[in-house]
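Per-entry structural report
Spelled out, the chains give:
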Amino acid sequence: IKAQDKSFNFQHYGPEDGLSNNNVWAAKQGPDALMYIATQNGVYSYDGYSFLKIKAKNLKTNYIRNVNFDVNSLLIINREDGVFKIDKATNTATKSNELAFENKVDELIIAGDYAYSLSDQIEVSAINIKTKEYFPDELKNYDNQAFCIFKSKEGRVYVGRSTGLYWFNGGK
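These numbers were taken from a predicted model, which means no experiment stands behind them.

**Brief notes about the sheet that holds strand β2 (residues 35-39)**
Here four strands make up an open sheet; going across it, the order is β1-β2-β3-β4 and the pairing antiparallel. Both edges of this open sheet fall to β1 (24-29) and β4 (51-54), since each of them pairs with a single strand only. With strand direction ignored, the average angle separating the axes of adjacent strands in the sheet is 25°. Relative to strand β3 (residues 42-46), β2 runs antiparallel, the two being bridged by five bridges. Counterpart to Met35 in the pairing with β3 is Tyr46.

**Brief notes about the environment of Lys60**
Tracing the backbone through its elements, the reader meets Lys60 in the loop between β4 and β5 (64-69). Residues Lys60 and Ala115 lie 55 residues apart in sequence; the distance between their C-alpha atoms is 24 Å.

**Here's the deal with the nonpolar core**
Membership of the largest hydrophobic core comes to 14 residues, with the highest contact counts inside it found for Tyr36, Val43, Ile54, Val67, Leu74, Ile76 and Ile86. Secondary-structure elements contributing two or more residues to this core are β2, β5, β6 (74-78) and β7 (82-87). If you tally residues by element for this core, the top one is β5, at three residues. When neighbours within four sequence positions are excluded, Leu74 is seen to be in contact with Tyr36, Ile54, Val67, Asn68, Phe69, Phe84, Lys85, Ile86 and Lys88. Judged by nonpolar contacts, the second largest core, of 13 residues, contains Ala126, Phe135, Ile149 and Val157.

**Some points on the pairing of β3**
Successive side chains on a regular strand alternate, one facing one side of the sheet and the next facing the other. In terms of residue burial, β3 counts as a mostly covered element, since five of its five residues are buried. From the end of β2 to the start of β3, which pair antiparallel, there are two residues. Bridge analysis of β3 against β4 gives four bridges, and the strand direction is antiparallel. Opposite Val43, over in β4, you have Ile54 as the bridge partner.

**Observations concerning the pattern of salt bridges**
If the charged atoms of two oppositely charged side chains come close together, the side chains can form a pair. Evaluated as defined, the whole model comprises five salt bridges. Here Lys28 makes a salt bridge to Glu107, at a shortest N to O gap of 2.9 Å. With Lys28 in strand β1 and Glu107 in strand β9 (residues 107-111), this pair connects stretches of sequence that are 79 residues apart. A residue is classified by how much of its surface remains accessible, and Lys28, at 21% relative accessible area, is partly exposed. Arg65 is the partner of Asp106 in a salt bridge, and the nearest nitrogen-oxygen pair spans 3.4 Å. Separated by 41 residues along the polypeptide, Asp106 in the loop between β8 (92-95) and β9 and Arg65 in strand β5 bring together distant segments of the chain. Of the residues examined, Asp106 reaches a relative accessible area of 9% and is grouped as buried.

**Focus: the pairing of β7**
Pairing geometry for β6 and β7, over five bridges, is antiparallel. Looking at β7, one finds that Asn78 is bridged to Gly82. Pairing analysis gives four bridges linking β7 to β8, with the strands arranged antiparallel. Each residue of the ladder has a partner; that of Asp87, found in β8, is Thr92.

**With respect to the sheet that holds strand β13 (residues 146-151)**
Pairing between sheet strands relies on hydrogen bonds along the backbone, with the strands arranged either parallel or antiparallel. If you walk across this open sheet you meet the three strands as β13-β14-β15, and the pairing is antiparallel. The two strands at the open ends of the sheet, each matched to only one other strand, are β13 and β15 (164-168). Strand-to-strand twist of the sheet, defined as the mean angle between neighbouring strand axes without regard to direction, takes the value 25°. In this sheet, β15 lies alongside strand β14 (residues 157-161) in antiparallel orientation, the contact comprising five bridges. Of the residues in β15, the one forming a bridge with Val157 is Phe168.

About the criteria used
Within every chain, residues take consecutive numbers counted from 1 along the sequence as written. For this predicted model, a pLDDT threshold of at least 70 governs which residues receive local features, and a threshold of 80 or more governs which side-chain atom pairs are given and counted, while totals over whole chains, interfaces and linings are taken from all residues. Hydrogens and water are ignored here; the side-chain numbers use all heavy atoms of the structure. Here, any two strands with at least 2 DSSP bridges between them count as paired. Every helix listed is a DSSP run of H or I at least four residues long, and every strand listed is a run of E at least two residues long, numbered separately from the N terminus. Interaxial angles span 0 to 180 degrees and are taken between N-to-C directions of axes, which are lines fitted to C-alpha atoms, for helices over the stretch in contact. Side-chain atoms within 4.5 Å link the members of a nonpolar core, which is a set of buried Ala, Val, Leu, Ile, Met, Phe, Trp, Tyr and Cys residues. Three exposure classes are used, based on accessible area relative to the maximum for each residue type with a 1.4 Å probe and protein chains only: buried under 20%, partly exposed in between, and exposed over 50%. The contact definition used throughout considers only heavy atoms, calling two residues in contact when any of these lie within 4.5 Å. Definition used for salt bridges: Asp or Glu carboxyl oxygen within 4 Å of a side-chain nitrogen of Lys or Arg.

From the geometry alone we can't say anything about function, so treat these as descriptive.
Pasting the structure below:
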């Protein structure tokens, strides 16, 4: 019996398709079923057929590191300037005061009353959204760097570190 060759087909999307930058930093599906793509030149929504650039007003730069969602808004992560909420009706960006992390934000997870940030400084931190209490990375050191964060279906947040996998429970 001869084994079948398995191959994967890839469809490339780029400027000719409406995605004006090939540097894609993140892609996530929103609650509206659209895909949101963070690029070096802004955020795009994708409905499976075409790309639409979200032209948010009040941003100093289009370098968008990531996207995420809270109950009411599209959140974009402008790496240098923090987390912004986008009002999709007016395309206005407003800096999020409740998500004011002390470090650069590369990845953001919201779970219950907490927001968790992973930064390029290889650390994770949390903010209690209601009280604005900040929780720095107490486990960070050269031998225990954080590399990724993940939220399970149950809402638990896990941190992948150089020493294993940790459950980040309620800011601690």
